[in-house]
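In case you want the letters, here they are:
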Amino acid sequence: MKAIRIEALEGPGALIYGDVPEPEHDPAQLTIEVHASQVVFPDLLLTQGKYQMRPELPFVLGGVAGGIVQYAPPGSEFEVGDRVTAITLTGGWAETAVANPMWTFKIPDERTIEEGTAVPANYTTMYFALVRRGRLKVGETVLVHGAAGGIGTASVQIASALGARVIAVVSDPAKYDFVRAAGADEVIPAEGFKDAARELTHGRGVDVVVDPVGGDRFTDSLRSLAPEGRLLVIGFAAGDIPTVKVNRLLLNNLDVVGVGWGAFWTPRPTFFRDSWCELSAYLSDGRLTPILGATYPLEQAADALQVMAERRAVGNLMLKVR
């Protein structure tokens, strides 16, 4: 079968497209005929040896895959022919993948395989971030950094669906219309975002900041918060891990909240399934329609990762496998 494999931890340029053996059959695991795979930030980190999980080389890349069930373990909730998406961790960028039934989900009839495959990583992360960690309430205001990317668009859509006002921050004016179409109420530039957010909230500040960027925006993100505001630390796309002077937290009773979705659900697989069930209802009734960005053929996976590395991604990047 065709797949993308890694033999050296040298970044996107080290990806190899070619033939690899079919995955070994495991009677306890699902076998999936892969139609689409998502490109997510951990995939990029894995190519650089910077992710907390370090598979033994060589390995097939790909943490999220979607397609058609070819084999289902007896007694599972799945049947051959079901349209599913799964967290695979690795092995998802291939024509055939295996997946743990606990980490696999049926795609609602109302959504395509590609749309469904955009959900298990970015959308479940941000649902957990905003609901569980951010304690978001109806009528609150959320500021989203990196709003045009996969995590950003998921944040915008989920916050909006939960009844929040959304202020989107983007670095490129060409992305303004895209982010508005995703559901943002206002869009502001990254340069000077603190003052713009203060102006839009009449000096009060925002209730929640979604920050997958880190770097030098962090302090101004804290300054953008209203009293009892929450800053959600999602990741560090800018490359630098910021520090905070904790006296800033005292002044307005602020929270800096870590969001480690994978670390949370891995020992609690039923929580992952519960989150999917809640999001599935949103997908079925139209409150959420995952926003797909560029789609690349499997053999161009390195190009997709390079776009992500350069922070040029818009929407959820996908690979077309079949």
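Data block above holds the structure.
Residues numbered from 1 in each chain as written. Predicted model: local features only at pLDDT ≥ 70, side-chain atom pairs only at ≥ 80, totals over all residues. Heavy atoms only, no water.

Let's shift gears to the overall build of the chain. On a plain count of helices and strands, the chain comes out with 11 helices and 16 strands. A globule of 322 residues ought to have a C-alpha radius of gyration of about 20 Å, and the chain, at 20 Å, matches this closely. Dimensions along the principal axes, computed over C-alpha positions, put the chain at roughly 60 × 40 × 35 Å. Taking contacts inside the chain between residues at least 6 apart in sequence as the whole, the part at least 24 apart equals 69%. Considering the chain, the positive charge centre built from 29 side chains and the negative charge centre built from 38 side chains are found 7 Å apart. (Helix = DSSP H or I, 4+ residues; strand = E, 2+ residues; numbered from the N terminus. Rg over C-alpha atoms; globule rule 2.2 N^0.38 Å. Contact = heavy atoms within 4.5 Å. Lys, Arg positive; Asp, Glu negative; His and termini not counted. Charge placed at Lys NZ, Arg CZ, Asp CG, Glu CD.)

Turning our attention to the sheet that holds strand β9 (residues 141–144). Neighbouring strands of a sheet are bound in pairs by backbone hydrogen bonds; such pairs are parallel or else antiparallel. In spatial order, the strands read β11-β10-β9-β12-β13-β14; together these six strands make up an open sheet with parallel pairing. Both edges of this open sheet fall to β11 (186–189) and β14 (255–258), since each of them pairs with a single strand only. Each neighbouring strand pair of the sheet contributes to a mean axis angle of 20°, computed without reference to strand direction. Pairing geometry for β9 and strand β12 (residues 206–211), over three bridges, is parallel. Counted as the bridge partner of Leu-143 is Val-209 from β12. Its contacts with the sheet put helix α6 (residues 193–200) on β9, β10 (165–170), β11, β12 and β13 (225–233), and the angle it makes with β11 is roughly 150°. (Pairing = 2+ DSSP bridges. Axes fitted to C-alpha atoms, helices over the stretch in contact; angles between N-to-C directions.)

Once that is clear, we can look at the environment of Ala-72. In this structure, Ala-72 sits in the loop between β5 (64–71) and β6 (83–87). Sequence spacing of Ala-72 and Pro-27 is 45 residues, and the spatial spacing of their C-alpha atoms is 8.0 Å. Ala-72 has contacts with Leu-30, Phe-78 and Glu-79, leaving out every residue within four places of it along the chain.

Turning to the sheet that holds strand β1 (residues 2–6), a few remarks are in order. Strands sit in the order β2-β1-β4 across an open sheet of three strands; the sheet is antiparallel. The sheet is open, and its two borders are formed by β2 (15–19) and β4 (59–60), each paired with just one other strand. As paired strands, β1 and β4 are joined by two bridges and run antiparallel to one another. Each bridged residue has a counterpart across the sheet, and for Ile-6 the counterpart in β4 is Phe-59.

Turning our eyes to something else, we now look at helix α1 (residues 41–48). Residues of α1 that are buried: Asp-43, Leu-44, Leu-45, Leu-46 and Thr-47. Tucked into the core, α1 has its buried residues touching β1, β2, β3 (30–38), β4 and α11 (301–309). Directly beyond the C-terminal end of α1, a positive phi value near 70° is found at Gly-49. (Buried < 20%, exposed > 50% of the residue type's maximum accessible area, 1.4 Å probe, protein only.)

By size, the foremost hydrophobic cluster in this structure holds 49 residues, and its most contacted members are Met-126, Leu-130, Val-142, Ile-158 and Leu-232. The set of elements that each furnish at least two residues to this core consists of α3 (119–133), β9, α4 (150–161), β10, α5 (176–182), β12, α9 (261–265) and α10 (269–285). In terms of residue count, α3 provides more of this core than any other element does, eight residues in total. Ile-158 has contacts with Tyr-123, Met-126, Tyr-127, Leu-130, Leu-279 and Leu-288, leaving out every residue within four places of it along the chain. (Core = buried A, V, L, I, M, F, W, Y, C linked by side-chain atoms within 4.5 Å.)

Most of strand β16 (residues 316–320) sits out of view: four of its five residues are buried. Sheet topology note: the β3/β16 ladder contains three bridges and is antiparallel. The partner of Ser-37 across the bridge, within β16, is Leu-319. In this sheet, β16 lies alongside strand β15 (residues 292–297) in parallel orientation, the contact comprising four bridges. Note that in β16 the partner of Leu-292 across the bridge is Asn-316.

The values are spatial; any link to function lies outside them.
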